[in-house]
Amino acid sequence: IEPETAKLYDESNRRCADWVSSTNQKLAGASLPARVVNLATVWTVLFKEPGRYNWLLQYYLRAEGMTLSWVGTGRCLSSMDFTGDDYRALETMLVDAASKMKNDGWWLAADEYPGREKTMRNRLVRELLGSLLQAPKPVKAFYAEIMQRKKDDHHASHSNAVNQFLHIVSSGVFLYCYGLIFADFTIAMCLAPCALLVRQFGHAVLEPPCHEKEQLLLGYDTRTKTIILLGYVFIPVANLFFAGTWSLKFLAAKYPELAIEWFVWTILVVGGRVLYLMWLHDFRTSMIWFVKLATDPLTDITAYLPRYLKPLKVLVPFELRKSAAK
C-alpha cells in the first residue's frame, strides 16, 4: 500500500473511532441503552438492555434523516471521505433518535418494569413452543371465538371496579368448588350458590343497565340471571314450607339433599341453555358458550386481579421486588 493511501485509511479509521467514542459518551450520559461499536469504518448499533421493540430505533433514525437498510446484517460502512462534520451530524441524529424513542416509552427503566428479563424470556419460550407445537386450525378458531365472547361480555357488563373485585372473590370460590366437588360434594354445592350471589350482586346492583348489550351475547342477561339465582333461594324455602317448619336446624340436616337439588337446578339451567343454543344456532356455538362459562372464573381472576395488585407494589421496597423478580 502506498504511504498516501495508508495515511488516508488511518485518518478514516481514526475519525470513525473518535465518532464512536464521542457518541457512546453522549448515549451513556443520557442513560440511553444503545451503543455504537466499530471495526475500522464498519460500525453497528448494539443494545445494552433487552427489549422487544429495539427494532423501532431505525424508524426514529429515519425520522431524523438517517436511513438504514430494511434488510441485511445491520452493519454500516462509512465512506472514507466522511468528514468530522458528517460524523457530528450522524452523532446528533443517533442520539436524538434514541432520546425520542426513550421518551416515547419504548425503553422502560428497571424500576418501571421489574422482572423485565424474566418476563421476556418466558414469553419468548412460549412463542417458540407455540410456533413448534401448532394447534389445529379448528381448535385455534374455537379458542379465538371464546376469548372474543369473553371480551364482549367484559365490555357489556363488567365496567364497575367493585363488581370486578366481587368477580375475583366469586371466581376464587368457584375454582375451589371445582376441585372440592370430587372430595365433598355437599360443601361444594353449598358454596357455589353463595359465590353466584356475590357475582350477580355486582351485575344487578353496581353495573349500569346493560340488558340490551347482554341480549346480543350468547349467555343469560342480568334479569334472567337474577331469576336463576332466586331459584337457588327458592329450593331451601320450598323444603321448609313442605316440611311445615322454619327451623334452621332442620335446614342444616337437609344440606346433603339440598346440595343434590341445587346440582339438579344447575344442570337444568346450564343444560337448558346449551340445548337452546343448539336449536337456535348449532352445536359449536353452544359449546363456545359452555366452555366460556366454565372457564370464566379462571379468566376473570387473570383479567381483574392485576388491577388490585398493582397499587400494592408501591408498598414493597424496589430492591425486594427486584430480587424477587430474579
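The structure presented is a predicted model; accordingly, all values stated were derived computationally and were not measured.

### Section: a nonpolar patch on the surface
Here is step 1 of the chain: Residues Val125, Leu128, Leu129, Leu132 and Leu133 make up a contiguous nonpolar surface patch of roughly 520 Å² in combined accessible area.
Here is step 2 of the chain: With respect to the secondary-structure elements, Leu133 resides in the loop between helix H4 (116–132) and helix H5 (137–157).
Here is step 3 of the chain: On the accessibility criterion, Leu133 (66% relative accessible area) is exposed.

### Examining the sheet that holds strand E2 (residues 42–47)
Here is step 1 of the chain: With antiparallel pairing, three strands are arranged side by side in an open sheet as E1-E2-E3. At either margin of the open sheet sits one strand with a lone partner, and together these are strand E1 (34–39) and strand E3 (76–77).
Here is step 2 of the chain: Sitting on the sheet, helix H1 (residues 3–29) touches E1 and E2, and the angle it makes with E1 is about 165 degrees.

### Digging into the confidence of the model for the protein
Here is step 1 of the chain: For the protein, per-residue confidence averages 85 on the pLDDT scale, and residues scoring 70 or more make up 91% of the total.
Here is step 2 of the chain: Mean pLDDT values for the elements of the protein range from 45 in helix H13 (residues 318–325) up to 94 in helix H3 (residues 84–103).
Here is step 3 of the chain: Every residue in residues 312–326 is under pLDDT 50, and counting partners more than four places away or in other chains gives nine contacts.

### Some remarks on the nonpolar core
Here is step 1 of the chain: Ranked by internal contacts, the top residues of the largest apolar core, which has 23 residues, are Trp19, Val36, Trp43 and Leu57.
Here is step 2 of the chain: Those elements that place two or more of their residues in this core are H1, E1, E2, helix H2 (57–64) and H3.
Here is step 3 of the chain: Top contributing element to this core by residue count: H3, with seven residues.
Here is step 4 of the chain: Here Val36 is in contact with Trp19, Val20, Thr23, Asn24, Leu27, Trp43, Thr44 and Leu94, once residues within four sequence places are set aside.
Here is step 5 of the chain: By size, the runner-up hydrophobic cluster in this structure holds 19 residues, among which are Cys177, Ile228, Leu229 and Ile235.

Reading the values: the criteria
- Residues numbered from 1 in each chain as written.
- Predicted model: local features only at pLDDT ≥ 70, side-chain atom pairs only at ≥ 80, totals over all residues.
- Heavy atoms only, no water.
- Patch = residues over 30% accessible without salt bridge, like charges linked within 9 Å, V, L, I, M, F, W, Y side chains within 5 Å.
- Areas by Shrake-Rupley, 256 points an atom, 1.4 Å probe, with all protein chains shown as cover.
- Salt bridge = Lys/Arg side-chain N within 4 Å of Asp/Glu carboxyl O.
- Helix = DSSP H or I, 4+ residues; strand = E, 2+ residues; numbered from the N terminus.
- Buried < 20%, exposed > 50% of the residue type's maximum accessible area, 1.4 Å probe, protein only.
- Pairing = 2+ DSSP bridges.
- Contact = heavy atoms within 4.5 Å.
- Axes fitted to C-alpha atoms, helices over the stretch in contact; angles between N-to-C directions.
- pLDDT = per-residue confidence, 0-100.
- Core = buried A, V, L, I, M, F, W, Y, C linked by side-chain atoms within 4.5 Å.

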